[in-house]
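The chain contents come next:
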Amino acid sequence: MDFKWRVLGVVSIGSLMGSIDSTVLLIAFPDIARELGADLVTMVWVIMIYILMGTALVLSLGRLSDMKGRKRLYNAGFVVFVLGSLLSGFAQNGLELVAFRGVQGVGGAMLVANSFAILSDAFPPNERGRAFGINSVVWGTGSIVGFALGGLILAVTTWRWIFFINVPIGVVAIALAALLLRESVTPDPKETFDFAAASLFVAALALFLLGVTDGILYGWVSVVTWAPLLLSAPALAAFLYWEAAVSADPILPFSLFRDWLFSASLLAAVLQGIALFATNFLLMVYFQGIRGVTVITAAYLLIPLSVTLGLVGPIGGRLSDRYGARVVSTVGLLVQALALFGLATISGSTSLWTVGAWEAVLGVGGGLFFPANTASIMAGVPRPKYGVASGVMMTLRNSSMALSFAVALIAVTARLPSGTAAALFGGTFGPSLVAQLGLTPAGLDQVFLVGMRSAFAVSGAFLSVAAVFSVLRGKERRAGEAVVLHRPTVRSPVAWRSMDEEVRAGTGGRPTVPPAAP
C-alpha cells in the first residue's frame, strides 16, 4: 500500500473516534444527567468544555506541530484522548465529568490540529480533494455509527461504555500511528514557542465562548453573559498587538491572510459553519418537542444527512481535484442554502419523509463543499505552515460552531422572555412555566416553529453570502508544488523536491523515503 493511503487510514481512525464521540454523547445525555445528578448547566458544559479546548488550543498546537513534529503531536493526541475517555468513564459526578471531558478535548485538539496537515503532507495538491472526501465519508459513517452504537450501549449496559469503547480503539490507533506515520518536520532550535501569545489567545477565546454559552443559558442581558464577552475584546486586541509588534516567532503568521485564496476560503468555511452547526440541534428539538418521538428515534431521523454526506464526499473531492475547488464548493453551498430554505417551510404536520429529504439534500451540499474547500484552504499555504494553517481553520470552525448555536437560539427564543432557553431546550419547560408566560402548549409549539423557521432562513442567507466569497476566491494552485520527503523521526533531516523530479524518479508524484540519517 502506498504511504499516502496508510496515512489516510491512520488519520481516518482519529476522525472516526471524534465523529462517534460527538453523536453518541447526545443520545446518552439524559441518562448521564440522571445518574450523576447533574443539572442542565453542568451538562451543557460537558459538551462545551470539549468545544472550548478544541477551539482555544488548536492554533497553538498547530504551531507546535510545525516546530516539534506533526507525527509526535498527533500520536500524543491519541494518548491524551484515550486517557480522557478512560477518566470520563469513571466520573462520579457532573463536575468530574466536565474536567475529564476537558482532558479528552485536549487530546482531540492535538488530533484535529494535525490531521489536515498530515494529509496535505502525504497527498500531492491534485489528490487532496480525494483524500479529504474520503475523510468526510469517515465522519459521516462515524455519525451514523454513533447513533446506533449509543442506542445499543444504553440498551445493554451503562452509559460509561460510551467512553470506555474509545480505549481499545485508541490503543490500536496509537500503535498504528507509531508504526505507519513518518515525520515531515525537523525541529529548528532557533525557533521558540510564544507562550505569552498562546495564553492571551486562549484567554480571549475562552472568555468569548463562556459569554456565548452563558447567553444561551441565562439570556443576553445577564451580567454573566456580557462581562466575559466584554473582557474577551481587550484580550484579543492584546494578542493581536503582541503577535504583530512584539513576538519574534508568532503562533499566527499574519502573512497567511495576505493570500486571498486562503482568506476567502476561510471566510466561506466560517459562514458555512455559523449557518449549519446548530441544524442538527434544532431538528432534534423539533422531532422530540413538536413531533413527540423519543430521543433515540430523533437521532435516527438525522441519519439521512450523514448518509448523503458520506456518499457524496468522495465524489466532491474527486470533482474538486479535476475541476478546482471554486466551482464545486460554490455549488455545494448553494445546494445547502436550498435545503435550509426548504427546512424553513416545515410545520408540525409536515411529513417526516419530506424533512428527511431536505436533510439528504443538505448532506449532498456538505459532501461537495467540505473536501473541496479544505483542499482550497491548504493550497493557499506554504508547506512549512501546514500545522498552523490547519489550526487556524479548526479554530474558526469551532468558533463558528458556538456562534451557530447562539444565532439559532436567539432566533428561536426571540419571542420568549430572557433566560427561558435553558428550560425550553433542557426539557424542563413544563406546563406551569408555559402558563406563566401566558401561552398554551399549542401556542408554545407555534412560537418554537416560527423561531426555528426564522433560524433556518437566516442560515440560508449566511450560506448565500458564503457562496459569494467562494466564487471570488480564485483558482487554487494545484501543480508545481514541492513534495515532502518524509523521515521516520524528527531527528532525521527533511528535504523537498519538485513534482517533476518525483515523476522523473518514478514515484508518480508520491512522497519517497530517503534512508534515515545516522
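Because the structure is a prediction, the values reported are computed rather than measured.

Draft legend 1. Inspection of the overall build of the protein at higher detail. A tally of regular secondary structure across the protein gives 21 helices and two strands. Looking at the protein as a whole, 55% of its 518 residues qualify as buried. Intrachain contacts of the protein at a sequence separation of at least 6 include 83% that bridge at least 24 residues. When the accessible surface of the protein is summed, it comes to about 20200 Å², and 70% of that surface belongs to carbon and sulfur atoms.

Draft legend 2. Molecular detail of the environment of Ala-197. Relative to the helices and strands, Ala-197 is located in helix 9 (residues 195-218). Sequence spacing of Ala-197 and Leu-240 is 43 residues, and the spatial spacing of their C-alpha atoms is 8.4 Å. Residue contacts for Ala-197: discarding those within four places in its chain leaves Phe-239, Trp-242, Glu-243 and Ile-251.

Draft legend 3. Structural view of empty space enclosed by the protein. Tallying each qualifying case throughout the model produces four cavities of 30 Å³ or more. Quantified by volume, the largest cavity comes out at close to 60 Å³. If you trace the largest cavity, you find it lined by Ile-274, Ala-275, Ala-278, Thr-279, Leu-282, Ser-404, Val-407, Ala-408, Ala-455, Phe-456 and Ser-459. Counting only elements with at least two residues in the lining of the largest cavity, the list comes to helix 11 (260-276), helix 12 (279-290), helix 17 (386-413) and helix 20 (441-472). Tallied by class, residues from the lining of the largest cavity come to eight nonpolar, three polar and no charged.

Draft legend 4. Looking closely at the packing of helix 4 (residues 70-89) against helix 5 (residues 94-122). Two numbers describe how helix 4 lies on helix 5: the axes approach to 7 Å, and their chain directions differ by 155°. Relative to helix 5, the element helix 4 lies roughly antiparallel. Like other packed secondary-structure pairs, helix 4 and helix 5 cross with a definite hand, here left-handed. Taken together, the residues that form the contact of helix 4 with helix 5 break down as 15 nonpolar, nine polar and three charged.

Draft legend 5. Looking closely at helix 10 (residues 223-246). Taking 1.5 Å as the rise per residue, helix 10 with 24 residues should run 34 Å; its terminal C-alpha atoms sit 34 Å apart, in good agreement. By the burial criterion, the buried members of helix 10 are Thr-225, Pro-228, Ser-232, Ala-235, Phe-239 and Glu-243.

Draft legend 6. View of the side chain of Asn-373. Residue position: Asn-373 is located in helix 16 (residues 352-379). Residue contacts for Asn-373: discarding those within four places in its chain leaves Ser-265, Ala-268, Ala-269, Ser-329 and Arg-473.

Draft legend 7. Just the environment of Ala-131, in detail. Looking at the element boundaries, Ala-131 is found in helix 6 (residues 128-156). Sequence spacing of Ala-131 and Ser-120 is 11 residues, and the spatial spacing of their C-alpha atoms is 8.8 Å. Apart from residues lying up to four places away in sequence, Ala-131 is in contact with Leu-8 and Phe-123.

Draft legend 8. Quick look at the packing of aromatic side chains. Under the definition given, this model contains 10 aromatic pairs. For the ring pair Trp-159 and Phe-163, a centre distance of 6.2 Å and an interplane angle of 85° mean the geometry is edge-to-face. Residue Trp-159 is classed as buried on the basis of its relative accessible area, which comes to 2%. You can call Phe-163 buried: its relative accessible area is 0%. On the basis of an interplanar angle of 65° and a centroid distance of 5.9 Å, the ring pair of Phe-369 and Phe-370 is categorised as edge-to-face. Looking at Phe-370, the relative accessible area reads 23%, which means it is partly exposed. One aromatic cluster is present, formed by Phe-90, Trp-161 and Phe-164 through successive ring pairs.

Draft legend 9. Broad picture of helix 5. The end-to-end C-alpha separation of helix 5 is 41 Å, in line with the 42 Å expected for 29 residues at 1.5 Å each. The sharpest bend along helix 5 comes to roughly 30°, located at Ser-115. Where burial is concerned, most of helix 5 is hidden: 23 out of the 29 residues are buried. Here helix 5 starts with a cap whose side-chain oxygen sits 3.2 Å from the backbone nitrogen of Leu-95, and that cap is Asn-93.

Draft legend 10. Structural view of the side chain of Arg-160. Of note, Arg-160 is situated in the loop between helix 6 and helix 7 (161-164). By relative accessible area, Arg-160 is classed as buried at 14%.

Draft legend 11. Looking closely at the pattern of salt bridges. One pass over the full model with this rule turns up four salt bridges. Between Arg-70 and Asp-121 there is a salt bridge, with its nearest N and O atoms 2.5 Å apart. Taken as a pair, Arg-70 in helix 4 and Asp-121 in helix 5 lie far apart in primary sequence, 51 residues in all. Comparing Arg-70 with Asp-121, the two get one shared label, buried.

Draft legend 12. Representation of the layout of surface pockets. In this structure, the second largest pocket occupies an estimated 490 Å³ of space. Phe-201, Leu-205, Leu-236, Thr-395 and Leu-396 are the residues nearest the centre of the second largest pocket, which is lined by 22 residues in total. Residue assignment for the lining of the second largest pocket shows that the elements contributing at least two residues are helix 9, helix 10, helix 11 and helix 17. Top element by residues in the lining of the second largest pocket is helix 17. It accounts for six residues. When its residues are assigned to classes, the lining of the second largest pocket shows 17 nonpolar, five polar and no charged.

Draft legend 13. Structural view of the nonpolar core. Within the largest apolar cluster, 78 residues are counted, with the highest numbers of intra-cluster contacts made by Val-7, Ile-32, Leu-59, Tyr-74, Phe-78 and Phe-262. If one sorts the elements of this core by residue count, helix 1 (residues 3-36) sits on top with 14 residues. Setting aside residues up to four positions removed in sequence, Val-7 forms contacts with Ile-118, Leu-119, Ala-122 and Leu-181. Judged by nonpolar contacts, the second largest core, of 37 residues, contains Ala-298, Leu-362, Met-452 and Leu-463.

Draft legend 14. Quick peek at the confidence of the model for the protein. With 82% of its residues at a pLDDT of at least 70, the protein reaches an overall mean of 78. Averaged over each element, pLDDT in the protein is lowest for helix 21 (residues 499-504) (41) and highest for helix 15 (residues 325-343) (92). Taken together, the stretch residues 479-518 has pLDDT below 50 and engages in 98 contacts with residues farther than four places along the chain or on a different chain.

Rules used in this analysis
Residues numbered from 1 in each chain as written. Predicted model: local features only at pLDDT ≥ 70, side-chain atom pairs only at ≥ 80, totals over all residues. Heavy atoms only, no water. Helix = DSSP H or I, 4+ residues; strand = E, 2+ residues; numbered from the N terminus. Buried < 20%, exposed > 50% of the residue type's maximum accessible area, 1.4 Å probe, protein only. Contact = heavy atoms within 4.5 Å. Areas by Shrake-Rupley, 256 points an atom, 1.4 Å probe, with all protein chains shown as cover. 1 Å grid on protein atoms, 1.4 Å probe; cavity = no way out; pocket = protein on both sides within 12 Å on 5 of 7 lines; lining within 4 Å. Points joined across faces, edges and corners; volume = space filled by probe spheres on them. Nonpolar A, V, L, I, M, F, W, Y, C, P; charged D, E, K, R; others polar. Axes fitted to C-alpha atoms, helices over the stretch in contact; angles between N-to-C directions. Parallel < 35°, antiparallel > 145°, perpendicular 65-115°, else oblique. Left-handed = near helix turned anticlockwise from the far one by under 90°. Expected span 1.5 Å × (residues − 1). Phe/Tyr/Trp six-rings, centres within 6.5 Å; stacked < 30°, edge-to-face > 60°. Bend = angle between axes of the 7 residues up to and from the residue. Polar contact = N/O pair within 3.5 Å; in protein donor to acceptor, adjacent residues only side chain to side chain. Salt bridge = Lys/Arg side-chain N within 4 Å of Asp/Glu carboxyl O. Core = buried A, V, L, I, M, F, W, Y, C linked by side-chain atoms within 4.5 Å. pLDDT = per-residue confidence, 0-100.

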